[in-house]
Amino acid sequence: MAVLPADFADLEPFADWAIPTERSRYDKRLASTMDELQTFYDAALPRMEPAMSYLEQYDMNDLPEDGKRLLWLYCSLVTVSFPVEVWRQPRVPDSGACALDAAAEPAV
Amino acid sequence: MAHFTKPDEGSWTEHYGLGTGPISYEDSISPEHYELERDAIFRRTWLNVGRVEQLSKKGSYFTKELDAARTSVVVVRGTDDEVRAFYNICRHRGNKLVWNDFPGEETSGVCRQFTCKYHGWRYDLEGACAFVQQEDEFFNLDKGDYGLVPVRAEVWEGFIFVNLDPDAAPLHEYMGELGAGLAGYPFHELTQVHRYRSEVRSNWKLYIDAFTEFYHAPVLHAKQAVAEESRKLQNVGYEALAYRIDGPHGMVSSWGGMSPPKDLNMVKPIERVLRSGLFGPWDVPDIGLDELPPGLNPARHPAWGLDSYLFFPNFMVLIWKTNWVLTYHYWPTSYNTHIFEGTCYFVPPKNARERLAQEMAVVTFKEYGLQDSNTLEATQTMLESRVVTEFPLNDQEILLRLLHKAAHEYVDDYQGKKGGTPVRVSAAS
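Residues numbered from 1 in each chain as written. Chains lettered and ligands numbered in written order. Predicted model: local features only at pLDDT ≥ 70, side-chain atom pairs only at ≥ 80, totals over all residues.

### Remarks on the overall build of chain B
Point 1. Along the backbone of chain B there are nine helices and 19 strands.
Point 2. Relative to a compact globule of 429 residues, whose C-alpha radius of gyration would be 22 Å, chain B shows 23 Å and is just as compact.
Point 3. Considered along the principal axes of its C-alpha atoms, chain B spans approximately 80 × 60 × 35 Å.
Point 4. Counting across all 429 residues of chain B, residues that qualify as buried make up 46%.
Point 5. For chain B, long-range pairs separated by at least 24 residues make up 64% of all intrachain contacts whose partners lie at least 6 apart in sequence. (Helix = DSSP H or I, 4+ residues; strand = E, 2+ residues; numbered from the N terminus. Rg over C-alpha atoms; globule rule 2.2 N^0.38 Å. Buried ≥ 20, exposed ≤ 12 C-beta atoms within 10 Å, placed from the backbone. Contact = placed C-beta atoms within 7 Å.)

Here it is, written out as structure tokens:
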């Protein structure tokens, strides 16, 4: 069953990145290989501008459920962009055992 | 090769008379010194514990663990809309009054009264004891004598502070010229909050050191810019537009040409799509700021990007030209550990495009923060080796001199008042 808006059916293979919290998005990044991150990035980045244009028709407080999932998928792309564009590895280099965990964040 | 004008003395450090010699970091590695700081600093200065928006209605409350000050407080909005703080202790037999599941964890909520979990004593929102279980079993007990113990709580620009010292000067006086210079900034418009928290294995002052100088930025964070831009930044190094110091508080004013960048090739591909990055969303929201408060961008420089304030001892406010704010708090838990909190404040996004631009700024902050925090443990452990005991600081590290000097002065002053022999751990000189 589709979880994303129909216009973005091509992103359904990456629907498991539609994660509502930053901490879980970051955990999934750390648990992924660079190949997995690169594949998601390559598929999702070119569709980002269309996705934002699509979502912009809704007020932030009025997003449909599939729209929220598309937004969360793109929040994940933000998280994934750092390993792909900057670090060439899932973890921030030299960050060892460090953690900086979300303690409060918007509901959507 | 100064790019920006320095004071007539030739340096900011000499201008503010902070001395130019190397400094000792004994104050960051000595357990004995930390015990002194707990009483001298954290029980005697104004500590920011939250914002008024966290107490949105009558009966809204939150607790704050102040490990360094050896206590816990509960902050509450009363039926008269006043914000008050109390020591978080029941007057009957000393149980912590407000907590859930784990006594050491902070909590928040809305209530009509506080009820102790132990024997059901109740207190109203103004702290008066309202109910004693089986009151007639007690001996001449007058509930009027058993209200919660108040803690001073005052508000500056919507930020709630507490002070455990009943004799401390009022908050507005404490915040001084730097606080006054921010009066009227529309913090209350920035209600979209992302907060991060980290347990850091270093002395609390080391993380403040890291965040009050940008000398490290072109090196430690080099990879976060595209390669060519990064080389350029490292060749130029870092110079502030201006520094200001008043009492124990200081600020650094910085340039910030990246929001938006002059050339899109200077930034990463996702930033070009999202129109956002470290310096915040490029499409700047209206927050009703027609004119900057007098304290911001003190050099009135056209390249201005952000101002970072350190309000002693442990509260930092970063105000970005792009109309968002970051705050940092550092809560010591021992001489070589502390809890760091970084909080991003934006206007509520109107749509998903604005929401994603904010997410980009928040996540970029986190990536930088993770780079910063690991250097702290690496620094703490080697400082503790005491192989090297004196360290040179440059002019762009002036706020580090200020912090360590101010912290020493509070300890010295406290020891002087106690009448004991000052245990002097060589100060910033």
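Following the structure, the description resumes.
### Notes on the packing of helix 4 (residues 204-212) of chain B against helix 9 (residues 398-418) of chain B
For any two helices packed against each other, the geometry is given by the interaxial angle and the distance between the axes.
Residues and elements named next belong to chain B.
Point 1. The interhelical angle for the contact between helix 4 and helix 9, taken along N-to-C directions, is 150 degrees, at an axis separation of 9 Å. It follows from the interaxial angle that helix 4 and helix 9 lie roughly antiparallel. Relative to helix 9, the crossing made by helix 4 is right-handed. Contact residues: helix 4 offers K205, I208, D209 and T212, while helix 9 offers L399, L400, L403, H404 and A407.
Point 2. Looking at the contact of helix 4 with helix 9 residue by residue, the classes come out as five nonpolar, two polar and two charged. (Axes fitted to C-alpha atoms, helices over the stretch in contact; angles between N-to-C directions. Parallel < 35°, antiparallel > 145°, perpendicular 65-115°, else oblique. Left-handed = near helix turned anticlockwise from the far one by under 90°. Nonpolar A, V, L, I, M, F, W, Y, C, P; charged D, E, K, R; others polar.)

### Some points on the interface of chain A and chain B
Point 1. The partner chain B presents 30 residues to the 32 residues of chain A that form the contact.
Point 2. Of all the elements in the fold, those that place two or more residues in the side of chain A that touches chain B are helix 3 (48-55), helix 4 (65-87) and strand 1 (101-104) of chain A.
Point 3. Considering every element that reaches the side of chain A that touches chain B, the biggest residue donor is helix 4 of chain A, with nine residues.
Point 4. Residue classes in the side of chain A that touches chain B are distributed as 21 nonpolar, four polar and seven charged.
Point 5. Here three bridges tie strand 1 of chain A to strand 12 (residues 192-200) of chain B, and the two strands are oriented antiparallel to one another. By the bridge assignment, A102 of chain A is partnered in strand 12 of chain B with Y196 of chain B. (Pairing = 2+ DSSP bridges.)

### Focus on the environment of I398 of chain B
All names here are of chain B.
Point 1. Inspection of the secondary structure assignment puts I398 in helix 9.
Point 2. Taking C-alpha positions, I398 is 7.9 Å from L18, a pair spaced 380 residues apart along the chain.
Point 3. The residues contacting I398, other than those within four sequence positions of it, are W12, T13, Y16, L18 and Y243.

### Some words on the domain arrangement of chain B
Residue and element names in this part refer to chain B.
Point 1. Taken domain by domain, chain B consists of domain 1 (12-42 + 177-418) and domain 2 (47-163).
Point 2. The C-alpha centroid of domain 2 is placed 32 Å from the C-alpha centroid of domain 1.
Point 3. Across the contact, 15 residues belong to domain 1 and 11 residues belong to domain 2.
Point 4. It is strand 17 (residues 324-334) that contributes the most residues to the side of domain 1 that touches domain 2, four residues altogether.
Point 5. Residue classes in the side of domain 1 that touches domain 2 are distributed as eight nonpolar, six polar and one charged. (Domains from an automatic or database assignment.)

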